[in-house]
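Analysis of the macromolecular model
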Amino acid sequence: MVTRLPRSADLARFCQKLNRVKTLEDDMMETSFNRCLTTVDLALLGIGAMVGSGLYVLTGTVAKETAGPAIVVSFIIAGIASLLAALCYAEFGAHVPKTGSAYMFTYVSVGEIWAFLIGWNVILEYMIGGAAVARAWSGYLDAIFDHRIKNFTETHVGSWHIPFLAHYPDFLAFGILLVATAFISFGARVSSWLNHVFSAISMGVILFILIMGFVLARPQNWGAAEGGFAPYGVSGIMAGSATCFYAFVGFDVIATCSEEARNPQRAIPRAIAISLSLATGAYILVSMVLTLMVPWHSLNPDSALADAFYQRGYSWAGFIVAAGSICAMNTVLLSNLFSLPRIVYAMAEDGLFFKVFSRVHPRTQVPVVAIVVFGVLMSLLALSLDLEALVQFLSIGTLLAYTFVAASVIILRFQRVKTEEASSASARSEASAPASTESIGATESKEYESFSDKLHLVGKEKSKNRREGGQMKAFFEPYLGFLADFDPGEVVTVAVIILMVSAICLSSILVFGQNQLHLPTWSYALLVLLFSLAFVFSVVLISVHQQQQSTQTFQLPLVPLTPALSIFINVYLMLKLNYMTWIRFSVWLLVGLLVYFGYGIWHSKENLREPTAHSVCARYVVFPSGSLEETVQAVQPSTQPSQGLEEMAGEEEAKR
């Protein structure tokens, strides 16, 4: 028996399945969730996700080992880089007020398989992140009590010496995650209130640190006697910026809450701007007072802030700092447990993940099954696994999501507006101008396979004066007329692919060119120049096309330059990660592809929306005169199509 090879048409249909985009509902404000969150609620959720244990640990580590007092500059650079990604999320969150964050944004603009892989990585990111914070919370609390909890567990339960498992079971981290899961399942209003309490305490402690820190500040700690302001030079500042960038991971929780915001069009951009501004200010000021209180080289990386007060003789302040640290970690835990089930719900609701996770509790209006199941899984991770080796995995998932969201902004901005109103307006304009249609071709009829897809082409001469999103700008047509023959958005899509490839190549040369590849100086400079020109070319090629003119929602400024820079920064930081992170990432992607091809592609709602093939297809003939209602007629395919057209033309003449 000979196996038939797949035809090119079959492969084309399969690729179309993989890249189909999500069809949004007419009323995107309709939801089974409870729209109860205000701008303040969303902003505090974002602050709680960003200002966590990093403020108490990361600042001391980067200041002592990477940048010195110039950590202040590192946080400024990292804040600007994070702003580029945050603005992309703000535009999408306002434009598509649906839960799912990066997964949803990718689904509505790039394609299904890419959206699934983004969602799949974000799920693992939140699970590892929440479990790691729970273990850090447990260790910090245990340190306050002189490690008595750890010693008791190792004595009465035992310790493990197995690869990938923790040294001992962390029952405290397991318990705090179960308690947090219970609170999250009570609904968005309860979760928000609890986050308000912990955020208020955390911000109060930060205010105390700043006031006391500036009172105890010694400007000579930035002087030459202590090594100067930038002891590690410019390279140390940039390396510190790459590390500090991850401190701002967490603002995407605001976009995840779009479906529970009262007025997402206004609340999402404002909450992202407020939370990112306050978080950046907190990191900059705290790192400033930390390096002014004590010399940067004397910091204790594990507990820099508490140790700084201890060195200055204010040991009692260490208890206040410890309380603030625990409250800050609580807010990070809540944001992880709040976001993760909603990503899972969005994927299950679209049919790409198991349907049971799309169930919403009728009273609390939250995806309770997803909350309980993934809350327990996160607790088990914190209980048993050694998460130190997996923590760097968080970075690659986050950066990949940022990259696809930035690309999605470009694609969505340069797409043709696909609305029923536009179609009906086009129909009305054609119906009211029969003379115009006659001028197109008095003796030639137009034949289309699909009326809905080709309706806008009737009266093409008139539509040339009205530029749609993705079309060539009129000013550039005399110079780039050959590009005007493509459908709106096609050239932009190709340009985005060129932009991504050039960003990857340029980043690879910058990261590996001199150290790993040992390229000669001339070839290194030549490759950097070539890929930089390709990157700039793609940005210019996108810029010569018309953007969507609308809008009533927030729009990212300086498109496509802003998202293009965000893509380059994210790709560069991803390539800076070690090879083991990429190996683990590849394994997780393979598991995700098995889930998608085994379940998601068959149960996708977009798969159910696809029309089934029929043995008899309808065609439409649009005659050059009369209104659309009178001249659009269905014709059955025949063996003599030209004869059928002549008969219809005769009937039309008789009717007139």
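The structure presented is a predicted model; accordingly, all values stated were derived computationally and were not measured.

A short note on the packing of helix α8 (residues 171–184) against helix α14 (residues 317–349)
The N-to-C vectors of α8 and α14 enclose an angle of 55°; their axes lie 10 Å apart at closest approach. Considering the angle they form, α8 stands oblique to α14. Pair α8 / α14 crosses with right-handed handedness. For the pair α8 and α14, contact is made by Ile176, Leu177, Ala180, Thr181 and Ile184 and by Leu333, Leu334, Leu337 and Phe338, respectively. Of the residues belonging to the contact of α8 with α14, the class tally is eight nonpolar, one polar and no charged.

Notes on a nonpolar patch on the surface
The grouping of Leu178, Val372, Val373, Val376, Leu377 and Leu380 at the surface amounts to a nonpolar patch, some 400 Å² of accessible area in total. Residue contributions to the nonpolar patch peak at five residues, all from helix α15 (residues 368–384).

A short note on the environment of Asn570
Locating Asn570 in the fold gives a position in helix α23 (residues 561–575). For Asn570, a relative accessible area of 1% gives the class buried. For the pair Asn570 and Phe245, spaced 325 residues apart in sequence, the C-alpha to C-alpha distance is 10.0 Å. Apart from the residues lying within four places of it in its own chain, the contact partners of Asn570 are Phe245, Leu399, Tyr402 and Thr403. In terms of polar contacts, Asn570 uses its side chain to reach the backbone carbonyl oxygen of Ser566, at 2.9 Å.

Observations concerning the packing of aromatic side chains
Inspection of the entire model under this criterion finds 34 aromatic pairs. Taking the centre distance of 5.9 Å and the plane angle of 85° together, the rings of Phe245 and Tyr246 count as edge-to-face. Look at Tyr246 and you get partly exposed, because its relative accessible area is 24%. Arranged with centres 4.9 Å apart and planes meeting at 55°, the rings of Phe354 and Tyr599 form a pair that is tilted. Within this pair, whereas Phe354 is found in the loop between α14 and α15, its partner Tyr599 is found in helix α24 (residues 579–603), the two being separated by 245 residues in sequence. For Phe354, a relative accessible area of 35% translates into the label partly exposed. According to the relative accessible area criterion, Tyr599 is buried, its value standing at 18%. Through pairs of rings, three or more aromatic residues link up here, namely Phe14, Phe116, Trp120, Phe353, Phe354, Phe357, Phe374, Trp588, Tyr596, Phe597 and Tyr599.

Concerning a negative patch on the surface
Taken together, the side chains of Glu25, Asp26, Asp27 and Glu30 define an acidic patch exposed on the protein surface. Topologically, Glu30 is positioned in the loop between α1 (8–18) and α2 (39–50). By relative accessible area, which is 58% here, Glu30 ends up exposed.

A closer look at the nonpolar core
Residues Leu42, Tyr56, Tyr89, Ile209 and Phe353 are the most contacted members of the largest nonpolar core, which totals 173 residues. The element best represented in this core is α14, accounting for 18 residues. Filtering out sequence-adjacent residues up to four positions away, Leu42 remains in contact with Leu37, Ile254, Cys257, Ala261, Ala267, Ile268 and Ala271.

Examining the environment of Gln546
By the element assignment, Gln546 lies in the loop between α22 (521–543) and α23. Separated by 76 residues in sequence, Gln546 and Gly470 have C-alpha atoms that sit 5.3 Å apart.

Some remarks on unusual backbone geometry
With an omega of 15°, the peptide bond running from Val559 to Pro560 counts as cis. Despite not being glycine, His518 shows a phi value in the positive range, around 55°. Note on placement: His518 falls in the loop between α21 (490–512) and α22. Exposure remark for His518: the relative accessible area of 59% places this residue in the exposed category. Of note in this structure, Leu558 is not a glycine but carries a positive phi near 55°. On the secondary structure map, Leu558 appears in the loop between α22 and α23. Judged by relative accessible area, Leu558 falls into the exposed class, the value being 64%.

About the cut-offs
Each residue is numbered by its place in its chain's sequence as written, counting from 1. Residues qualify for local features only when their pLDDT is at least 70, as the model is predicted, and side-chain atom pairs are given and counted only at 80 or more; totals for whole chains, interfaces and linings, by contrast, use all residues. Side-chain metrics in this entry use all non-hydrogen atoms of the structure; hydrogen atoms and water are not considered. Angles here are taken between N-to-C directions and fall from 0 to 180 degrees, while the axes themselves are lines fitted to C-alpha atoms, restricted in helices to the stretch in contact. Helix and strand definitions follow DSSP, with helices as H or I runs of at least four residues and strands as E runs of at least two, each counted in order from the N terminus. The labels follow the angle: roughly parallel below 35 degrees, roughly antiparallel above 145, roughly perpendicular from 65 to 115, and oblique for the rest. Crossing handedness: left-handed means the near helix sits turned counterclockwise from the far one by under a right angle, and right-handed means the same turn made clockwise. Contact criterion: two residues are considered in contact whenever any of their non-hydrogen atoms come within 4.5 Å of each other. Lys, Arg, Asp and Glu make up the charged group, whereas Ala, Val, Leu, Ile, Met, Phe, Trp, Tyr, Cys and Pro make up the nonpolar group; the residues left over, Gly among them, are polar. To count toward a patch, a residue needs a relative accessible area over 30% and no salt bridge; like charges are then connected within 9 Å, while nonpolar side chains (Val, Leu, Ile, Met, Phe, Trp, Tyr) are connected within 5 Å. Accessible surface area values rest on a Shrake-Rupley calculation with a 1.4 Å probe, where residue burial reflects the displayed protein chains alone. Only one rule defines a salt bridge in this text: a Lys or Arg side-chain nitrogen within 4 Å of an Asp or Glu carboxyl oxygen. Each residue's exposure class comes from its accessible area (1.4 Å probe, protein chains only) as a fraction of the maximum for that residue type: buried when under 20%, exposed when over 50%, partly exposed otherwise. Between N or O atoms, a polar contact is any pair within 3.5 Å; within protein, one atom must be a potential hydrogen donor and the other a potential acceptor, and residues adjacent in sequence are included only when both atoms are from side chains. Here is the rule: rings of Phe, Tyr and Trp (six-membered ring for Trp) pair when centre to centre is within 6.5 Å. Planes less than 30 degrees apart are stacked, more than 60 are edge-to-face, and the remainder are tilted. Lys and Arg are tallied as positive, Asp and Glu as negative. Neither His nor the chain termini are counted. By convention, the point assigned to a charge is CZ for Arg, NZ for Lys, CD for Glu and CG for Asp. What makes a nonpolar core is a set of buried Ala, Val, Leu, Ile, Met, Phe, Trp, Tyr and Cys residues whose side-chain atoms join them at distances within 4.5 Å.

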